[in-house]
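Listed here are the chains, written in short residue letters.
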Amino acid sequence: MANSLAEMLRSDMECEGLLECFHGLKELDKRCFRELVDAETAVTIDDLSDHVDRERSTVYRSVQRLLNAGLIQKEQINYDQGGYYHVYKPADPGAIREDMQRLLNDWYAEMGQLIQEFEEKYSDAADVTAPAES
């Protein structure tokens, strides 16, 4: 059976390479993701900012990139007296895997189409420019 996401990231740094490749993550994004994976509970932006030793606004932008990539989830916690705050945790590893597989399949299909267009364009050009044999 597959290891937990935290074990996979600790034991095989190539996993982070996949996240960077598929989602264009920056170094801070990967650090924030690692911190969220390693945390025992969901984490606030302020807590995450302390852990990665960066400004709150900088960490917030990183978290937004992770959210947009579908790598983490945001949950709203309501105070009894009114108001709320958000906490963040990693998305389900299976969902992340499925998303990366979908992105890979889309890329593969697009590259196949470009290769087909390349062949059509240059085979037509080769037919026109080929010298006549005597």
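Coordinates for the structure precede this section.
The structure reproduced in this document is the subject of the present report. Since the model is a prediction, treat every value here as computed from it, not as a measurement.

## Considerations on unusual backbone geometry
What you tend to see is this: most non-glycine residues have negative phi, and most peptide bonds are trans. Unlike most non-glycine residues, D53 shows phi in positive territory, near 55 degrees. Among the structural elements, D53 can be located in the loop between helix 4 (45–52) and helix 5 (56–68). Classification of D53 as exposed rests on a relative accessible area of 68%.

## Comments concerning the pattern of salt bridges
For the structure on display, the rule yields seven salt bridges. Across the pair R34 and E27 runs a salt bridge whose closest N-O atoms are separated by 4.0 Å. R34 gets classed as partly exposed once you look at its relative accessible area, which sits at 24%. As a salt-bridge pair, D46 and R56 come within 2.7 Å of each other at their nearest N and O atoms. With D46 in helix 4 and R56 in helix 5, this pair connects stretches of sequence that are 10 residues apart. The partly exposed category is assigned to R56, whose relative accessible area is 45%.

## So, the packing of helix 3 (residues 27–38) against helix 4
Their axes nearest at 10 Å, the elements helix 3 and helix 4 cross at an angle of 115 degrees. On the basis of the axis angle, helix 3 is roughly perpendicular to helix 4. Note on packing geometry: the crossing formed by helix 3 with helix 4 is right-handed. On the side of helix 3, the interface is formed by L28, R31, C32, E35 and L36, while helix 4 contributes L48, H51 and V52. Split by residue class, the contact of helix 3 with helix 4 holds five nonpolar, one polar and two charged.

Rules and cut-offs
- Residues numbered from 1 in each chain as written.
- Predicted model: local features only at pLDDT ≥ 70, side-chain atom pairs only at ≥ 80, totals over all residues.
- Heavy atoms only, no water.
- Helix = DSSP H or I, 4+ residues; strand = E, 2+ residues; numbered from the N terminus.
- Buried < 20%, exposed > 50% of the residue type's maximum accessible area, 1.4 Å probe, protein only.
- Salt bridge = Lys/Arg side-chain N within 4 Å of Asp/Glu carboxyl O.
- Axes fitted to C-alpha atoms, helices over the stretch in contact; angles between N-to-C directions.
- Parallel < 35°, antiparallel > 145°, perpendicular 65-115°, else oblique.
- Left-handed = near helix turned anticlockwise from the far one by under 90°.
- Contact = heavy atoms within 4.5 Å.
- Nonpolar A, V, L, I, M, F, W, Y, C, P; charged D, E, K, R; others polar.

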